[in-house]
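Observations on the model geometry
Next come the chains, spelled out residue by residue.
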Amino acid sequence: LDLARYASGSGFLLQPIVILLDPDNSADGYVRDWTRLDVGIAVHQGYAFQWFMLAAAVVVAYFVWLLRALTRRRRGGAV
């Protein structure tokens, strides 16, 4: 971390020190061994399914709106 560059970019007054945690000391309460949150391809497939279903719902809603507009036009009503 370049403190001078960060201070000039952020506009904050900074002290010229950096505090580091001791990796061998677990008494401070900070967790250092984090588990990876990667659950595999299932998450990506779930997101893909979600977006494809959203797209399908938009297409169905558009065709319902179009069908109603055409029905109103045939009956002589305003669109």
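What counts, and at which threshold
- Residues numbered from 1 in each chain as written.
- Predicted model: local features only at pLDDT ≥ 70, side-chain atom pairs only at ≥ 80, totals over all residues.
- Heavy atoms only, no water.
- Patch = residues over 30% accessible without salt bridge, like charges linked within 9 Å, V, L, I, M, F, W, Y side chains within 5 Å.
- Areas by Shrake-Rupley, 256 points an atom, 1.4 Å probe, with all protein chains shown as cover.
- Salt bridge = Lys/Arg side-chain N within 4 Å of Asp/Glu carboxyl O.
- Helix = DSSP H or I, 4+ residues; strand = E, 2+ residues; numbered from the N terminus.
- Buried < 20%, exposed > 50% of the residue type's maximum accessible area, 1.4 Å probe, protein only.
- Expected span 1.5 Å × (residues − 1).
- Phe/Tyr/Trp six-rings, centres within 6.5 Å; stacked < 30°, edge-to-face > 60°.

With that settled, consider a nonpolar patch on the surface. Residues Val39, Val43, Tyr47, Trp51, Leu54 and Val58 make up a contiguous nonpolar surface patch of about 620 Å² in total accessible area. Within the fold, tryptophan 51 resides in helix H2 (residues 41-75). By relative accessible area, which is 55% here, tryptophan 51 ends up exposed.

The next thing to look at is H2. Its 35 residues place the ends of H2 51 Å apart at the C-alpha level, agreeing with the 51 Å of an ideal helix rising 1.5 Å per residue. One or two positions beyond H2, positive phi appears at glycine 76, with a value near 95 degrees.

Taken as a whole and assessed by the stated rule, the structure comprises two aromatic pairs. When the ring of tyrosine 62 is compared with that of phenylalanine 63, the centres are 5.7 Å apart and the planes differ by 65 degrees; the resulting orientation is edge-to-face. Between the aromatic rings of tyrosine 62 and tryptophan 65, the centroid separation amounts to 6.0 Å while the plane-to-plane angle is 35 degrees, which identifies the pairing as tilted. You can see tyrosine 62 and its partner tryptophan 65 sitting in helix H2, three residues apart, about one turn around the helix. Tryptophan 65 sits in the exposed class, given a relative accessible area of 52%. In this structure an aromatic cluster arises from ring pairing among Tyr62, Phe63 and Trp65.

These values are about where atoms sit, not about what they do.
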